[in-house]
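Results of the structural survey
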Amino acid sequence: MTVEPILVMQGINKSFPGVTALKNAQLRLFPGEVHALMGQNGAGKSTLIKALTGVEIPDAGEMRLNGKLIQPDCVGAAQEIGISTVYQEINLCPNLSVAENIFIGRFPMRRMGIDWKAIERESKTALAALNIHIDVTLPLASFPVAIQQMVAIARALSTEAQVLILDEPTSSLDEDEVERLFQTLRQLKQKGMAILFVTHFLDQTYAISDRITVLRNGEFVGEYPASELSRLDLINKMVGHEIDEAIYATDTSAGSANIDREPFITTSGLGSTGSMRPIDLDIYQGQVLGLGGLLGSGRTETARMLFGIDHADSGTIRIDGKLVKLNSPSKAVRHGMAFCPEDRKTEGIIAELSIRENIILALQARRGVFRFLPKRAQRAIADEYIQQLGIRTPDAEKPIGQLSGGNQQKAMLARWLATDPKMLILDEPTRGIDIAAKLEIMELVKAQCRKGLAILFISSEMSEVLRVSDRIAVLRDRQKIGEIDSNDADEQSVFRMIAGAES
Ligand SMILES: Nc1ncnc2c1ncn2[C@@H]1O[C@H](COP(=O)(O)OP(=O)(O)OP(=O)(O)O)[C@@H](O)[C@H]1O
Ligand SMILES: [Mg+2]
């Protein structure tokens, strides 16, 4: 490239107590490029971004924007010099309206005070550019995570940025929404914006990026044109050793297809007016039932109904053949069910508590307050899962909020596995988890399954649903349109099934 980079970071170091997050890291961004920052969970991607955006102050190193030395010491400062960021965890204010979230901190003023009309109008325009048409006066929390993510992106776009940073913006979006976002990014790129993009989806890396920077253990591994770095090379550079190509192709389903037992749980005509149409499901111990469908097809709604969070107003549930009423999560837990929800920030992680406390939380709740687990036992459980799931931390006593995003997700999984459930509902369990850890986690889940766990598995990645599930219930428009054996299906056939039901 003959053009000068717009942004250069060099020799960046950052340590936290007990952890070296960045060691001599570097990054270059050119105008008009999409640049992917890749690395395993805990590699230092988010920390590098935070150093650039004034959230964390680096211990050493130099950053230049258009050749000029910069030292942003707060988010506002970075924003002012033209660096705009969408963070990994949506950090907007759920109680404020959509419009307020887009304009927070920079409300347009009129003589009489804040110009609410302008805020509404411009928020609508900003979202319309992303093809989102919603009532911007409603609280942000009333919309699904995917929409909240798009609001965060709209906010970043509506500030005048030269550099746009997206830290895992797509982990909660479905394929259409990702395509829409990518179209927007391509337009911004044409206008000369430099875009830095973090994702764990390799397909997306190659669909959108021009160049790739790889970090490993906080260190710079290399910078490559995307067209010259094969997927396998990329994975090898992220992991730091040769990975056998074969394991990426293996089918990991538990494979106990010949079920002659009774299902663990059976629903007949289970429905909730306005949220999910009556659905029949059989979920067996030792099997993974996948829910296939697009965002909004009713996957999470089905899970919530089964776990007693949302109340069904028609149909029945049987567990081990006996009629039961699951009208609260605590009842579901008493029947041996566990639910690892999709939105770890609002429904799962308690950032101030330690990793140990977060892991034993569900187990302790199940035992009740009077059967308190002694600390030694808690530690043993936490350490076991930290080791089994490869959670990257020096110590189980660290606040969980200090873990990298993917490692927090692993801790959530540990919390539910620790309760030793009969059935586990996994809603997007590998969201934000790097490709190597993803395979490990799915292996672990399958191993539990082979020991007799029943699993309901939800993922936006159809390839993952196909790999993991034994059977797939296909949903569309909040109803089940069919069920297939995953051995007889591929991505195309599932999508054809979904599309076919459209007419
Ligand atoms: N505030 C903090 N206090 C202590 N340790 C931290 C803090 N922030 C990050 N770390 C540690 O620094 C390392 C790098 O974390 P970072 O969040 O940058 O990883 P990442 O590459 O973004 O991973 P992921 O893919 O999981 O999001 C991790 O070991 C993490 O636990
Ligand atoms: Mg991160």
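These figures come from a predicted structure and were not determined experimentally.

For D420, which is not glycine, the phi dihedral falls at a positive 50 degrees. Its place among the elements puts D420 in the loop between helix 14 (405-417) and strand 19 (423-427). Given the relative accessible area of 61%, D420 is considered exposed. Unusually for a residue other than glycine, E428 sits at a positive phi of about 50 degrees. Structurally, E428 is set in the loop between strand 19 and helix 15 (435-450). For E428, a relative accessible area of 8% corresponds to the buried category.

Here we come to the nonpolar core. With 47 residues, the main nonpolar core has I359, L424, L426, I455 and F457 as its most contacted residues. Of the domains in this structure, domain 2 (247-336 + 425-434 + 454-503) and domain 3 (346-420) are the two that each give at least three residues to this core. Other than its neighbours up to four places away in sequence, I455 contacts I283, Q287, V288, L289, L424, L426, V445 and C449. Listed in part, the 37 residues of the second largest apolar core include L92, A154, A156 and I195.

Further remarks concern the domain arrangement of the protein. Entries for the protein in the domain assignment read domain 1 (7-246), domain 2 (247-336 + 425-434 + 454-503) and domain 3 (346-420). Facing 9 residues of domain 1, the contacting portion of domain 3 comprises 9 residues. Taking both partners together, domain 1 and domain 3 bury about 620 Å²; carbon and sulfur atoms supply 42% of that area. Across the contact surface, domain 1 and domain 3 share 0 salt bridges. Linking domain 1 to domain 3 there are 3 residue pairs in polar contact (both at pLDDT 80 or more). Its residues assigned to classes, the side of domain 1 that touches domain 3 comprises 3 nonpolar, 5 polar and 1 charged.

A cluster of like negative charges, contributed by E175, D176, D490 and E491, occupies part of the molecular surface. Within the secondary structure, E491 sits in helix 17 (residues 491-500).

Here we take up the sheet that holds strand 11 (residues 211-216). With mixed pairing, the 6 strands of this open sheet are ordered in space as 6-9-10-3-11-12. Of all the strands in the sheet, just strand 6 (83-86) and strand 12 (219-225) have a single pairing partner and so form its edges. Sheet twist, expressed as the mean angle between neighbouring strand axes with direction ignored, is 20 degrees. Of the strand pairs in this sheet, strand 6 and strand 9 (residues 163-167) are connected by 4 bridges, and their pairing is parallel. Residue pairing in the sheet places S84 in a bridge with L164 of strand 9. Where helix 8 (residues 231-239) meets the sheet, it contacts strand 3 (34-38), strand 11 and strand 12, and its direction lies at approximately 30 degrees from that of strand 11.

The next thing to look at is the packing of aromatic side chains. Each aromatic ring pair is described using two quantities: the centre-to-centre distance and the angle formed by the ring planes. Scanning the entire structure with this criterion turns up 2 aromatic pairs. Ring geometry for F182 and F197: centres 5.7 Å apart, planes at 75 degrees, overall edge-to-face. Of this pair, F182 sits in helix 6 (residues 175-190) while F197 sits in strand 10 (residues 194-198), placing them 15 residues apart in sequence. Both residues of the pair, F182 and F197, count as buried.

Any covalent bond linking the sulfur atoms of two cysteines counts as a disulfide. Within this structure, the stated rule accounts for 0 disulfides. With no disulfide partner, C340 has as its closest neighbouring cysteine sulfur the one in C449, 16 Å distant. The buried category is assigned to C449, whose relative accessible area is 0%.

Attention shifts here to the site of ligand 1. In the vicinity of ligand 1 lie 21 residues, with G42, K45, T47, S404 and G406 positioned nearest. Here an oxygen atom of ligand 1 and a backbone polar atom of G405 are 3.4 Å apart. Secondary-structure elements contributing two or more residues to the shell around ligand 1 are strand 2 (19-29), helix 1 (45-52) and helix 14. Both domains that furnish three or more residues to the shell around ligand 1 are identified here as domain 1 (7-246) and domain 3 (346-420).

Glancing now at the side chain of R155. Residue placement: R155 occurs in helix 5 (residues 145-158). Although buried, R155 forms no salt bridge, and the nearest oppositely charged side chain, E80, lies 11 Å from it. Residues contacting R155, with those up to four places away along its chain left out, are Q79, L92, N101, I102, F103, I104 and R106.

What follows is about the pattern of salt bridges. Taken as a whole and assessed by the stated rule, the structure comprises 22 salt bridges. Two residues, R211 and E33, come together in a salt bridge whose shortest N-O distance is 2.8 Å. Residue R211 is found in strand 11, and its partner E33 is found in the loop between strand 2 and strand 3; the two are separated by 178 residues along the sequence. As far as burial versus exposure is concerned, R211 and E33 are alike and both buried. D210 is the partner of K189 in a salt bridge, and the nearest nitrogen-oxygen pair spans 3.1 Å. Of the two residues, K189 sits in helix 6 while D210 sits in the loop between helix 7 (202-208) and strand 11, which places them 21 residues apart along the sequence.

Glancing now at the packing of helix 14 against helix 15. Axis separation between helix 14 and helix 15 bottoms out at 12 Å; the angle between their running directions is 10 degrees. Here helix 14 is positioned roughly parallel relative to helix 15, judged by the angle of their axes. Where helix 14 approaches helix 15, its residues K410, L413 and L417 are matched on the opposing element by A437, I441, L444 and Q448. Counted by class, the contact of helix 14 with helix 15 contains 5 nonpolar, 1 polar and 1 charged residues.

Cut-off values and rules
Residues numbered from 1 in each chain as written. Chains lettered and ligands numbered in written order. Predicted model: local features only at pLDDT ≥ 70, side-chain atom pairs only at ≥ 80, totals over all residues. Heavy atoms only, no water. Helix = DSSP H or I, 4+ residues; strand = E, 2+ residues; numbered from the N terminus. Buried < 20%, exposed > 50% of the residue type's maximum accessible area, 1.4 Å probe, protein only. Core = buried A, V, L, I, M, F, W, Y, C linked by side-chain atoms within 4.5 Å. Domains from an automatic or database assignment. Contact = heavy atoms within 4.5 Å. Buried area = accessible area lost by both parts, 1.4 Å probe. Salt bridge = Lys/Arg side-chain N within 4 Å of Asp/Glu carboxyl O. Polar contact = N/O pair within 3.5 Å; in protein donor to acceptor, adjacent residues only side chain to side chain. Nonpolar A, V, L, I, M, F, W, Y, C, P; charged D, E, K, R; others polar. Patch = residues over 30% accessible without salt bridge, like charges linked within 9 Å, V, L, I, M, F, W, Y side chains within 5 Å. Areas by Shrake-Rupley, 256 points an atom, 1.4 Å probe, with all protein chains shown as cover. Lys, Arg positive; Asp, Glu negative; His and termini not counted. Charge placed at Lys NZ, Arg CZ, Asp CG, Glu CD. Pairing = 2+ DSSP bridges. Axes fitted to C-alpha atoms, helices over the stretch in contact; angles between N-to-C directions. Phe/Tyr/Trp six-rings, centres within 6.5 Å; stacked < 30°, edge-to-face > 60°. Disulfide = S-S within 2.5 Å. Near = heavy atom within 4 Å. Parallel < 35°, antiparallel > 145°, perpendicular 65-115°, else oblique.

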